[in-house]
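Understanding the architecture of this molecule
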Amino acid sequence: MSLTSDPPATEAVTKGPAAAPPASAALVVVPVRHPWRWVAVAATAVLLVQFVHGLVTNPGWEWDVFAAFFSTETILHAVWVTLQLTFYGTALGFAIGIVLAFMRLSASPFLRSVAFGYIWAFRSIPLIVQLLFWFNLAYLYKELSIGVPFGPSFLSFDTTGLVGEMGAAVLGLALHQAAYAAEIVRGGVLAVDEGQVQAAASLGIPRLRQVRRIVLPQAMRSILPNAANEIISLFKGTSIVSVMAIGELFYQVQVVYGRNGRVVPLLMVATAWYVLLTTALSVVQHYVERHYAKGSTR
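All of the points below concern the structure found in this document. (Residues numbered from 1 in each chain as written. Predicted model: local features only at pLDDT ≥ 70, side-chain atom pairs only at ≥ 80, totals over all residues. Heavy atoms only, no water.)

A few points about the overall build of the protein chain
Inclusion rule: In this description a helix means any DSSP run of H or I spanning at least four residues, a strand means any run of E spanning at least two, and both kinds are numbered starting from the N terminus. Remark: exposure states derive from per-residue accessible area (1.4 Å probe, protein chains only) relative to the maximum for the residue type, with buried under 20%, exposed over 50%, and partly exposed in between. Throughout, a contact is declared for two residues whenever any of their heavy atoms are within 4.5 Å.
Within the protein chain one finds 13 helices and two strands. Relative to its 298 residues, the protein chain shows a buried fraction of 28%. Excluding contacts between residues fewer than 6 apart, the proportion of contacts in the protein chain whose partners are at least 24 apart in sequence is 72%.

Here it is, written out as structure tokens:
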């Protein structure tokens with residue numbers, strides 16, 4: 001008679017390890033159903049097809065008139081004027097904006113206050129008001145002079161001849177753009193790790209070279225997306241200078257459909273040019289961003 005509680009050896013051998021479940025008992029993976037997603041896809045597809053069908057079949061779009069005016073000399077010249085306004089407004093605006101950004105980052109309370117006041121003022125006043133103000137600058141100042149402050153002048157300019165329609169438009173767009181560009185550049189500079197600047201200073205690199213070779217190349221990754229949005233907005237915003245009778249794209253389209261009464265197809269001409277040029281700017285943005293993204297781990 002055994003005095004232990006262990007089971008007989010024969011039982012242990014007979015039981016052995018647990019038997020594997022049969023293949024028929026394996027779990028079946030059922031994919032998650034998304035019925036409402038397919039409903040949304042179908043509804044969106046139907047709406048898109050209806051929209052395209054309307055564009056093609058609705059005679060009100062007058063695509064023959066659109067094709068006739070899309071590449072006329074008048075429209076092409078207006079597109080060129082729009083590109084000029086965008087280029088000069090962007091170049092001058094970001095040049096002034098970079099100066100304002102570093103003024104806001106300055107250790108001088110006076111410079112910070114002046115830059116903040118400029119940005120506050122030009123972001124508060126509507127662009128159309130600024131444009132009309134510069135257009136009527138000769139009403140306030142008959143002439144501008146260069147000389148000793150509050151003293152004799154050496155050179156004088158007639159304001160009427162100095163600031164014409166195109167000059168007032170570029171000046172208004174640039175000064176307005178500078179306020180937004182300053183905040184974009186300042187945000188990009190603040191995004192650069194302070195240790196980068198400290199390391200450059202410890203190596204004895206001059207301050208200007210630190211900004212040009214270390215800070216700005218890294219800040220461009222943060223600056224470019226917002227800057228590209230501002231440039232595209234300025235490109236479309238040039239249509240507002242039509243109040244000054246400048247022959248940019250939207251103004252010329254208005255002149256043409258004011259003569260022939262074909263409002264919709266002429267508006268589509270302007271829309272198509274805006275879409276094409278905005279797409280081109282977006283492609284340029286992509287390649288510039290890819291250039292400055294070299295070496296990033298993103």
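Still more to cover.
Some remarks on the pattern of salt bridges
Any two side chains of opposite charge can pair, on the condition that their charged atoms come close. This is how it is decided: Whenever a carboxyl oxygen of Asp or Glu lies within 4 Å of a side-chain nitrogen of Lys or Arg, that contact is scored as a salt bridge.
Tallied over the entire structure, the rule returns three salt bridges. Among the salt bridges present, the one from R262 reaches E62, with a minimum N-O distance of 2.9 Å. Here the residue R262 occupies a position in the loop between α12 (249–260) and α13 (263–292), and E62 occupies one in the loop between α2 (35–57) and α3 (63–69), the gap between them amounting to 200 residues. R186 is the salt-bridge partner of E183, the closest N and O atoms lying 3.0 Å from each other. Taken as a pair, E183 and R186 lie in helix α9 (residues 165–190) at a separation of three residues, close to a single helical turn. For E183, a relative accessible area of 19% translates into the label buried. Three or more residues joined by partner-sharing salt bridges are found here, namely R104, E183 and R186.

Some points on the packing of helix α6 (residues 127–135) against α9
Cut-off, in case you're wondering: Axis definition: a line fit to C-alpha positions, over the contact stretch in the case of helices; interaxial angles, taken between N-to-C directions, run 0 to 180 degrees. Here roughly perpendicular refers to angles of 65 to 115 degrees, roughly parallel to angles under 35, roughly antiparallel to angles over 145, and oblique to all remaining angles. Crossing handedness follows the turn of the near helix against the far one: under a right angle anticlockwise gives a left-handed crossing, and clockwise gives a right-handed one. Under this grouping Gly is polar, as are all residues other than the nonpolar Ala, Val, Leu, Ile, Met, Phe, Trp, Tyr, Cys and Pro and the charged Asp, Glu, Lys and Arg.
Running from N to C, α6 and α9 cross one another at 140°; their axes reach a closest spacing of 8 Å. Considering their axes alone, α6 and α9 lie oblique with respect to each other. Crossing of α6 against α9: the hand is right-handed. Note on element contacts: α9 touches α6 through E165, A168, A169, L171, G172, L173, L175 and H176, opposite L127, Q130, L131, W134 and F135. Tallied by class, the residues present in the contact of α6 with α9 amount to nine nonpolar, three polar and one charged.

Some details on a nonpolar patch on the surface
Note the following rule: Like-charged residues are merged into a patch within 9 Å and nonpolar side chains (Val, Leu, Ile, Met, Phe, Trp, Tyr) within 5 Å, provided each residue has over 30% relative accessible area and no salt bridge. Accessibility throughout is a Shrake-Rupley quantity obtained with a 1.4 Å probe, and a residue counts as covered only by protein chains that appear here.
On the surface, a cluster of nonpolar side chains totalling about 1000 Å² of accessible area is made up of F133, Y139, L140, Y141, L144, I146, V148, F154, L155 and F157. With three residues, strand β2 (residues 153–158) is the largest single contributor of residues to the nonpolar patch. Tracing the backbone shows Y139 in helix α7 (residues 137–140).

A few points about the packing of helix α4 (residues 73–104) against helix α11 (residues 207–237)
The geometry of α4 relative to α11 is characterised by a closest axis approach of 12 Å and an angle of 140° between their N-to-C directions. Classed by the angle they form, the pair α4 and α11 counts as oblique. In this structure, α4 meets α11 at a crossing whose hand is right-handed. Here α4 contributes T82, L83, T86, G89, T90, F94 and F102 to the contact with α11, which in turn contributes V211, L216, A227, I231, L234 and F235. Split into classes, the residues belonging to the contact of α4 with α11 amount to nine nonpolar, four polar and no charged.

Let's talk about the side chain of Q252
Position of Q252 relative to the elements: it lies in helix α12. Among the residues examined, Q252 registers a relative accessible area of 17% and is labelled buried. Not counting residues up to four positions away in its chain, the partners in contact with Q252 are T74, A78 and G247.

A look at the packing of aromatic side chains
Here is the rule we go by: Pairing of aromatic rings covers Phe, Tyr and Trp, the last counted by its six-membered ring, and requires centre-to-centre distances within 6.5 Å; plane angles under 30 degrees mean stacked, over 60 mean edge-to-face, and any other angle means tilted.
Per the stated rule, a full pass over the model turns up eight aromatic pairs. Ring geometry for F87 against Y88: centres 5.5 Å apart, planes inclined by 65°, an arrangement best described as edge-to-face. Aromatic side chains F235 and Y274 sit 5.5 Å apart centroid to centroid with 75° between the ring planes, which places their arrangement in the edge-to-face category. A residue pair is termed long-range when its members are at least 10 positions apart, and F235 in helix α11 and Y274 in helix α13 qualify at 39 residues. The burial state of F235 is the same as that of Y274; both residues are buried. Here the aromatic cluster, defined as three or more aromatic residues joined through ring pairs, consists of W61, W63, F66, F70 and W273.

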